[in-house]
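# Structural description and commentary
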Amino acid sequence: MIRFLSADFCWTTEQTSEGVKIYISYDLNDSCWLFTAGINDNCEEEYEFVIDINPSCGHDEWVLGTSSVKLCAKALDAQLYTSLWKAFEEKLTEATGKADLVQLSGYYQYNARISGIITFHPQLKVKPLWRVIQCVTRCIGTAAQLSATELAERWGVKAEDVFSYLQSLRAMGYEVRNHNTNPQIPKGEYLIPYAFPTLNPKSVQLRKSL
C-alpha cells in the first residue's frame, strides 16, 4: 500500500504537496508483526536495515498479541525509518486502542517497556548518524538530561558533532528538548525523551527550534 509522510510528520493515505510517497506492506500474525517500507515498489530489494522490537527485560507482557515486531527498510533512508515507526503506531492503535507508541513504551520518566535493536546490511557503509540512531533506538542517551559531552561518550562520537546529530534526529521526528524548547532544562543539556520518533502535526515541540 502507499502512504505519504509530510514535513510535519503527518502519516496519511492522501497525497499532499510536500508529502513523500512510501511503499509500505505488513504481515501481522501471532508470532511477529512484520513491516516493510521502500521508496519504490521493487519487491526484490534486500533489506538495508531491520529494527527488532521486543518487550524490555522485566516487561514480558505487552498488549500486541504477537511475540515481536520487525521494521524492515529497503534503503538506508531517514524517511523510511520514520515511516516504519508511523506504520507500526498506526497498526498498534487499530489493534489495541492505544493512542500511540508512547502509551506502549510508557512515559520517559519510567523504564521503557519496549526496546529496539537495529541491524544493518553487512555490506553497507554506515555513517556516524546511523550509529547514533542505532544507540538511540536502544535507549542509549535517551530519557535523561545530558550534556553534549555525555551524549558523545554514550554514542561514541565527537562532542562538537552532537548538536548536528540532534538536529538530524529532530528532522526524523524525534522530540529533542533543550533550554530553547523547555526553559527549565539547563543551558547546554539535552533531553531525547523516547527511543522512537514521536513528533506529529499536533506536537508543541514541532513549532520550537533547538
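For the structure given in this document, a descriptive report is provided here.

## Examining the packing of aromatic side chains
Per the stated rule, a full pass over the model turns up 15 aromatic pairs. Measuring from centroid to centroid gives 6.4 Å for Trp85 and Phe88, while their planes differ by 45°, and the two rings are tilted. Here the residue Trp85 and the residue Phe88 both occupy positions in helix H1 (residues 78-96), the gap between them amounting to three residues, near one helical turn. The class of Phe88 is buried, set by a relative accessible area of 0%.

## Remarks on the pairing of strand E3 (residues 20-28)
Strand direction decides the pairing type here: strand E1 (residues 2-5) and E3, joined by four bridges, are antiparallel. Opposite Phe4, over in E3, you have Lys21 as the bridge partner. Judged from the six bridges that link them, E3 and strand E4 (residues 32-38) form a sheet pairing that is antiparallel. Of the residues in E4, the one forming a bridge with Ile24 is Ala37.

## Some details on the pattern of salt bridges
Evaluated as defined, the whole model comprises four salt bridges. With a closest N to O distance of 3.0 Å, Glu90 and Arg3 form a salt bridge. Here Glu90, found in helix H1, pairs with Arg3, found in strand E1; they are 87 residues apart in sequence, far enough to count as distant. Note that Lys70 is salt-bridged to Asp52, the shortest N-O span being 2.4 Å. Pair noted here: Lys70 is in strand E6 (residues 68-73) and Asp52 is in strand E5 (residues 49-55), with a separation of 18 residues, a long-range link. Residue classification places Lys70 among the partly exposed positions, given a relative accessible area of 30%.

## Observations regarding the sheet that holds E5
The strand order across the open sheet built from seven strands is E2-E1-E3-E4-E6-E5-E7, with neighbouring strands paired in mixed fashion. Among the strands making up the open sheet, the edge pair consists of strand E2 (11-12) and strand E7 (114-120). With six bridges connecting them, E4 and E6 associate as parallel partners. Among the inter-strand pairings, Ala37 is bridged to a residue of E6, identified as Ala73. Here helix H3 (residues 128-137) sits on the sheet and contacts E5 and E7; the angle it forms with E7, its principal contact strand, is near 155°.

Rules of the game
- Residues numbered from 1 in each chain as written.
- Predicted model: local features only at pLDDT ≥ 70, side-chain atom pairs only at ≥ 80, totals over all residues.
- Heavy atoms only, no water.
- Phe/Tyr/Trp six-rings, centres within 6.5 Å; stacked < 30°, edge-to-face > 60°.
- Helix = DSSP H or I, 4+ residues; strand = E, 2+ residues; numbered from the N terminus.
- Buried < 20%, exposed > 50% of the residue type's maximum accessible area, 1.4 Å probe, protein only.
- Pairing = 2+ DSSP bridges.
- Salt bridge = Lys/Arg side-chain N within 4 Å of Asp/Glu carboxyl O.
- Contact = heavy atoms within 4.5 Å.
- Axes fitted to C-alpha atoms, helices over the stretch in contact; angles between N-to-C directions.

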